Amino acid sequence: MNDPTPASDDAATAQPLPYTEAEIETMASEDASAGRFLTKMLVITFCYTIIVGAYVIYWSLQS
């Protein structure tokens, strides 16, 4: 069941973080790198789709 006494803010802030500051900085850096990679991959895929679509339209109009 639910505990009738709400947790205090002091109890929540007293718990240590599961990661060190260095690990958090490393994860943030890796997340940013992964975000840039995914963005580039999506842009390249979008451009490829536009180019191939334009070629297919051109090809189908020539027949």
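Data block above holds the structure.
Residues numbered from 1 in each chain as written. Predicted model: local features only at pLDDT ≥ 70, side-chain atom pairs only at ≥ 80, totals over all residues. Heavy atoms only, no water.

Chemist: Help me out: how do you make sense of the overall build of the chain in this one?
Modeler: For the chain, the count of helices and strands is two helices and zero strands. The buried share of the chain, taken over its 63 residues, is 0%. Of the accessible surface of the chain, which amounts to about 6200 Å², a share of 67% is contributed by carbon and sulfur atoms. (Helix = DSSP H or I, 4+ residues; strand = E, 2+ residues; numbered from the N terminus. Buried < 20%, exposed > 50% of the residue type's maximum accessible area, 1.4 Å probe, protein only. Areas by Shrake-Rupley, 256 points an atom, 1.4 Å probe, with all protein chains shown as cover.)

Chemist: I tried to follow a nonpolar patch on the surface on my own but got confused; where do I start?
Modeler: Taken together, the side chains of Y48, V52, Y55, V56, Y58 and W59 make up a nonpolar region of the molecular surface, amounting to roughly 700 Å² of accessible area. If you trace the backbone, V56 turns up in helix α2 (residues 21–62). (Patch = residues over 30% accessible without salt bridge, like charges linked within 9 Å, V, L, I, M, F, W, Y side chains within 5 Å. Salt bridge = Lys/Arg side-chain N within 4 Å of Asp/Glu carboxyl O.)

Such coordinate-based values are descriptive only and should not be taken to indicate function.
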